Amino acid sequence: MKKYLTTLGVTRYGFNLTTKVLDVFDYAWATVVKKDPPVSGMRYKPWSFYEDWLEVFGNDRATMLLLRM
């Protein structure tokens, strides 16, 4: 998510570990939605499996190495 938001030009954001939702300024989120409209519903949607994802994926990151065109 960090790289995704940075790619869209959003550099000031956070993740609230208590509520498990993204913490992004309104103007920054407007930029994200303008560039990628389908994500508009994710701002206040809780990521209830966040801890499980950390355990499963750890520091793994997706890369373009296995991309097939």
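This is a predicted model, so every value here is computed, not measured. (Residues numbered from 1 in each chain as written. Predicted model: local features only at pLDDT ≥ 70, side-chain atom pairs only at ≥ 80, totals over all residues. Heavy atoms only, no water.)

**Section: the packing of aromatic side chains**
To keep it simple, the criterion reads: Aromatic pairs are defined between Phe, Tyr and Trp rings, using the six-membered ring for Trp, whenever the two ring centres lie within 6.5 Å; interplanar angles under 30 degrees are classed as stacked, those over 60 as edge-to-face, and all others as tilted. When a residue's accessible area, from a 1.4 Å probe over protein chains only, is under 20% of the maximum for its type it is buried; when over 50% it is exposed; and in between it is partly exposed.
Tallying each qualifying case throughout the model produces 1 aromatic pair. Relative to Tyr 27, the ring of Phe 25 has its centre 5.7 Å away and its plane inclined at 10°; by these criteria the two rings are stacked. Residue Phe 25 is classed as partly exposed on the basis of its relative accessible area of 44%. Look at Tyr 27 and you get exposed, because its relative accessible area is 58%.

**A word on the pairing of strand S2 (residues 21-24)**
Defined as follows: The criterion for strand pairing is that DSSP finds at least two bridges linking the strands in question. Secondary structure elements follow DSSP: runs of H or I of four or more residues count as helices, runs of E of two or more count as strands, with numbering from the N terminus.
Note that strand S1 (residues 13-16) and S2 share 4 bridges and pair antiparallel. In the strand pairing of S2, Tyr 13 is matched with Val 24.

**What to know about a nonpolar patch on the surface**
How we decide: Nonpolar side chains (Val, Leu, Ile, Met, Phe, Trp, Tyr) are joined into patches within 5 Å and like charges within 9 Å, using only residues with over 30% relative accessible area and no salt bridge. Only the protein chains shown count as covering a residue, and every accessible area follows the Shrake-Rupley method with a 1.4 Å probe. For salt bridges, the criterion is a side-chain nitrogen of Lys or Arg within 4 Å of an Asp or Glu carboxyl oxygen.
On the surface, Phe 49, Trp 53, Val 56 and Phe 57 cluster together to form a nonpolar patch covering roughly 450 Å² of accessible area. Here Phe 49 shows up in the loop between helix H2 (26-35) and helix H3 (50-57).

**Things to note about the confidence of the model for the chain**
Put simply, the rule is: Residue-level confidence of the predictor, termed pLDDT, takes values from 0 up to 100.
Residues with a pLDDT of 70 or more make up 67% of the chain, whose mean pLDDT is 75. Confidence scores differ between elements of the chain, with helix H1 (residues 2-7) showing the lowest mean pLDDT of 60 and H2 the highest of 85.

**Some thoughts on H2**
How we decide: What the arc covers is the set of directions going from the helix axis to the C-beta atoms.
Turning to H2, its buried residues are Ala 28, Trp 29 and Val 32. Projection of H2 onto a plane perpendicular to its axis shows the buried side chains occupying an angular sector of 95°, all on one side. Of the residues in H2, the exposed ones pointing more than 90 degrees away from the buried face are Asp 26, Tyr 27 and Lys 34.

**Remarks on unusual backbone geometry**
Even without being glycine, Lys 20 reaches a positive phi, approximately 60°. Looking at the secondary structure, you find Lys 20 in the loop between S1 and S2. Judged by relative accessible area, which is 17%, Lys 20 ranks as buried.

**Some points on the pattern of salt bridges**
Tallied over the full model, the rule gives 2 salt bridges. Across the pair Lys 20 and Glu 51 runs a salt bridge, and its minimum N-O distance is 3.3 Å. Placement of Lys 20 in the loop between S1 and S2 and of Glu 51 in helix H3 is noted, with a sequence separation of 31 residues between them. The partner of Asp 26 in a salt bridge is Arg 43, and the shortest N-O contact between them spans 2.8 Å. Here Asp 26, found in helix H2, pairs with Arg 43, found in the loop between H2 and H3; they are 17 residues apart in sequence, far enough to count as distant.

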